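For reference, the chains in residue letters:
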Amino acid sequence: MSSELDALLRENRLFPPSEDLIKASNIQKWMERYGINDYDQLIMRAQDDPEWFWDELARELEWFQPYTDVLKWDPPHAEWFSGGKFNITYNALDRHVKTWRKNKVAYIWEGESGQVVKLTYHDLYVRVNQMANALRSLGVGKGDRVSIYLPMILELPVAMLACAKIGAVHSVVFSGFWAKAFQERANDAQVKVAITVDGFYRRGKVIPLKENVDEVLDGIPSLKHLIVVQHAGCPVQMKSGRDFWWDDITQEQEKECAAEVMDSEDPLFILYTSGTTGKPKGVVHIHGGYAVGTYTTLKFVFDIKDEDIWWCAADIGWITGHSYIVYAPLIMGATSVMYEGAPNYPQPDRLWKMIEDYGVNVFYTAPTTIRMFMKYGEKWPQKHDLTSLRLLGSVGEPINPEAWIWYHKHIGNRQCPIMDTWWQTETGMHLITPLPITSLKPGSTVKPFPTVKADVVDDAGESITEGGGHLVIKTPWPSMFRTLYHDQERYVEAYWSRFPGLYLSGDVARVDQDGYFWIQGREDDVLNVAGHRISTAEVESALVSHVKVAEAAVVGKPDQIKGEEIFSYVTLKEGYNPSPKLKHHLREHVRKEIGPVASPAYIGFVEDLPKTRSGKIMRRVIKAKVKGEDVGDITTLANPEAVEGLDHAL
Ligand code: WTA
């Protein structure tokens, strides 16, 4: 372990933000307006009167008709801003083209091969209106579902915003999924129209998406039309009467389109996410509260100012992209960077080069990406001037302190606080997160966002202050999901039945003596070894903190005596080779970091770990392998060959 990290873990050092950063922050200015002196007072006041807090922020948006109630809460059903008439696209675009932001850049888009397109708010407004009119011409109206199966090209946000403008419900399917996954989701949502692309680039290769889609279209009986974006120029077959080119169907359309006047609680989108069973859950978000919650968190957590360049380097196919590439930044009137391709293509400095080229001020990514770049080494970011950065962000999984320190030092130049934001597809917005005015501890997501009451409870639902437990949320928040699409029963069963009235996140967490939250991972990633609750994420973090380890995956193997044994697979950094001695060192290392009980019974060295296309390690597959069970469906894996690789671990 580096001596710096070593010192850090021992000291439990706090990283306070600079006075300048605090003074200039949106949250500080907002607090001053209300005579609130510090963070603790803010939390107290917001906890005391959540409706005051959200009412004040909702008023910053434009309502066609004001709401009559801020919140109606009949657990587990919440209504926010009920009685209000609203449209999220109107707030993201129409509201700005009436102001000086008309000619402000909304998106700086960069293709994988380097071409750049800049779209202003007005450009985007016109494109969205034309697409919205095109959808209406195909018979799509309020409440109809539209499937969007597009890569990271500008037509993706345009399509989403166009659906929302006319009150249709979009369901984006990540373009890295196989067409079967698209078919399953399109059928669940009973979509009328789908939007896809001829092909797109990934690592210089063209992925022929339309051709893949053609194989499953007959299996989607509700589908009437398919709109195809021309992007890669690869040959496709168009079925007359059913398929239309995006350009053909939009270019003759009117450039104005009146927004559908929606109820605050009307559905905006369905986004499918994985659950404990194999069937994806159709998480439903709505117009009003979702807009207010995502807008507020982007403004206060990432502190976006009008002159900032914001880059959320996620894929729009996930909730992070829905909330923080599309809706929240546009509602704020921000300028966002959007990138089509792989982060390490053609070289491991692609992201750092783009930060320099565009002068990015706030950058948001996932720990898996950070660890990948750690593996390449700091020589890559060192080639670039990253001094435009003011704040960094992390999301998606627990960030191990070593990756946190690397990110802080080599990307943030020791100047940029890291907003480690905990949230989920279901929560829509950040729920447990630092603010630019809070001190940080590497690996902790700090504290609940103002008004949010989060807690850690034992199996009986009682608050606990020692050790890990179930992470629950005790009060509603505006951008919470409202249901699972046509599966109200599963909504109640999966999230609200274990502890009635409390939202069960499915994560395990611990709260320290300062009230800081430490997310330990998913419940099903938690092992019980000889009566000790051990988070796979913690063991992984310990393994990864060893200088020679790049990545680690830890799963449990049932054991008659211990309950479970810890099995681990690791990849090594460049220049290091597997050896029995290294295995021994790693066991000793984990023993030292967490305790003997956490030392893995088995360590296997592999070239690559099986991962989803969003970069998450697929433990389900590793677990099945370790137990000698069938690995099941691996179509959503980015690297199916890694599964075989587990058999040949050294
Ligand atoms: C995990 C992504 C630790 C967690 C926005 C959660 C995190 C799941 C963090 C949701 C974080 C997300 N620290 N773990 N900062 N953020 N997670 O639905 O297990 O794709 O339940 O939403 O990711 O993943 P989802």
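What you see is a predicted model, and the numbers here were worked out from it, not measured in a lab. (Residues numbered from 1 in each chain as written. Predicted model: local features only at pLDDT ≥ 70, side-chain atom pairs only at ≥ 80, totals over all residues. Heavy atoms only, no water.)

Bringing helix α15 (residues 367-376) into the picture now. Side chains three or four residues apart in an α-helix point the same way, a direct result of the helix having 3.6 residues per turn. The element α15 is extensively covered by neighbouring structure, given that 7 of its 10 residues are classed as buried. Among the structural elements, α14 (350-358), β18 (362-365), β19 (391-394), α17 (401-411), α19 (536-544) and β30 (549-559) are those in contact with the buried residues of α15. In the segment just after α15, G377 is the residue with positive phi, at about 100 degrees. (Buried < 20%, exposed > 50% of the residue type's maximum accessible area, 1.4 Å probe, protein only. Helix = DSSP H or I, 4+ residues; strand = E, 2+ residues; numbered from the N terminus. Contact = heavy atoms within 4.5 Å.)

Most of strand β24 (residues 469-473) is tucked away: 5 of the 5 residues are buried. The pairing of strand β23 (residues 454-457) with β24 spans 4 bridges and is antiparallel. Across the sheet, the residue bridging to V456 is L471, located in β24. Where β24 meets strand β26 (residues 503-511), 4 bridges bridge the pair, whose relative direction is antiparallel. (Pairing = 2+ DSSP bridges.)

Take the domain arrangement of the chain next. If you check the domain split of the chain, you get domain 1 (17-87 + 267-521), domain 2 (91-260) and domain 3 (546-647). The interface is formed by 48 residues belonging to domain 1 together with 49 residues belonging to domain 2. At the boundary of domain 1 with domain 2, total buried surface from both sides reaches about 4,500 Å², with 53% on carbon and sulfur atoms. Together, L330, M338 and E340 form the three largest contributors to the area buried by domain 1 at its contact with domain 2, with a combined 19%. The tally of links between domain 1 and domain 2 comes to 4 salt bridges. With its nearest N and O atoms 2.6 Å apart, the salt bridge here joins D306 to K104. Taken together, domain 1 and domain 2 are joined by 37 residue pairs in polar contact (both at pLDDT 80 or more). Counting residues per element, the ones that place at least two in the side of domain 1 that touches domain 2 are β14 (267-273), α13 (319-332), β17 (335-339) and α14. Considering every element that reaches the side of domain 1 that touches domain 2, the biggest residue donor is α13, with 8 residues. Across the side of domain 1 that touches domain 2, the residue classes break down as 31 nonpolar, 10 polar and 7 charged. (Domains from an automatic or database assignment. Buried area = accessible area lost by both parts, 1.4 Å probe. Salt bridge = Lys/Arg side-chain N within 4 Å of Asp/Glu carboxyl O. Polar contact = N/O pair within 3.5 Å; in protein donor to acceptor, adjacent residues only side chain to side chain. Nonpolar A, V, L, I, M, F, W, Y, C, P; charged D, E, K, R; others polar.)

Taken together, the neighbourhood of the ligand is formed by 17 residues, with D420, T421, Q424, T425 and D507 sitting nearest. Take T421: an N or O atom from its main chain is 2.7 Å from a nitrogen atom of the ligand. T425 places a polar side-chain atom, nitrogen or oxygen, 2.6 Å from an oxygen atom of the ligand. Computed on the free molecule, the ligand has an accessible area of 520 Å², of which 90% lies beneath the protein chains in the complex. (Near = heavy atom within 4 Å. Areas by Shrake-Rupley, 256 points an atom, 1.4 Å probe, with all protein chains shown as cover.)

Moving on to the packing of helix α7 (residues 121-137) against helix α8 (residues 155-165). The geometry of α7 relative to α8 is characterised by a closest axis approach of 8 Å and an angle of 60 degrees between their N-to-C directions. Classed by the angle they form, the pair α7 and α8 counts as oblique. Regarding α7 and α8, the two cross each other, and that crossing is right-handed. Each of L124, Y125, R127, V128, N129, M131, A132 and L135 in α7 lies in contact with α8, whose residues at this interface are E155, V158, L161, A162, C163 and K165. By residue class, the composition of the contact of α7 with α8 is 10 nonpolar, 1 polar and 3 charged. (Axes fitted to C-alpha atoms, helices over the stretch in contact; angles between N-to-C directions. Parallel < 35°, antiparallel > 145°, perpendicular 65-115°, else oblique. Left-handed = near helix turned anticlockwise from the far one by under 90°.)

Strand order across the open sheet formed by 7 strands is β5-β4-β17-β16-β18-β19-β20, with mixed pairing between neighbours. Each edge of the sheet is formed by a strand with only one pairing partner; in this case those strands are β5 (116-120) and β20 (418-420). Recorded for the sheet is a direction-independent mean angle of 20 degrees between the axes of neighbouring strands. Pairing of strand β16 (residues 309-312) with β18, which is carried by 3 bridges, proceeds in the parallel orientation. Paired with W310 across the two strands is V362, which belongs to β18.

With that settled, consider the environment of V362. Tracing the sequence through the fold places V362 in strand β18. Residue classification places V362 among the buried positions, given a relative accessible area of 0%. Put simply, V362 and G393 are 31 residues apart on the chain and 7.8 Å apart in space, counted from C-alpha to C-alpha. With residues up to four places along the chain from it excluded, the contact list for V362 reads F302, I304, D308, I309, W310, W311, L389, R390 and L391.

Before going further, it helps to spend a moment on helix α12 (residues 288-301). Taking 1.5 Å of rise per residue, 14 residues should cover 20 Å, and α12 covers 20 Å from first to last C-alpha, within 8% of that figure. Here α12 lies mainly inside the structure; 14 of its 14 residues are buried. Phi turns positive one or two residues past the end of α12, at D303, with a value near 60 degrees. (Expected span 1.5 Å × (residues − 1).)

The next thing to look at is the pattern of salt bridges. In the structure shown here, the tally under the stated rule is 30 salt bridges. Two residues, D357 and K353, come together in a salt bridge whose shortest N-O distance is 2.8 Å. One end of the pair, D357, and the other, K353, are both in helix α14, 4 residues apart, so they sit about a helical turn from each other. Taking the shortest distance from any N to any O, the salt bridge between K441 and D514 comes out at 2.7 Å. One end of the pair, K441, is in the loop between β21 (432-433) and β22 (447-448); the other, D514, is in the loop between β26 and β27 (517-522), with 73 residues separating them in the sequence. Where salt bridges share partners, they join K210, D214, R242 and D243 into one cluster.

Our next topic: the nonpolar core. Ranked by internal contacts, the top residues of the largest apolar core, which has 151 residues, are L124, I148, F182 and Y327. A domain-level breakdown of this core finds at least three residues from each of domain 1 (17-87 + 267-521) and domain 2 (91-260). Aside from chain neighbours lying at most four places away, what touches Y327 is I88, M160, L161, A164, H170, L268, F269, Y290 and H322. Core analysis: the second largest hydrophobic core is formed by 33 residues, V360, M374, A403 and Y407 among them. (Core = buried A, V, L, I, M, F, W, Y, C linked by side-chain atoms within 4.5 Å.)

Our focus in this paragraph is the pairing of β26. With respect to burial, β26 is a largely interior element, 8 of its 9 residues being buried. With 5 bridges connecting them, β26 and β27 associate as antiparallel partners. Opposite V511, over in β27, you have F517 as the bridge partner. Here β26 folds back onto β27, and the loop between the two strands holds 5 residues, one of which, G515, carries a positive phi near 80 degrees.

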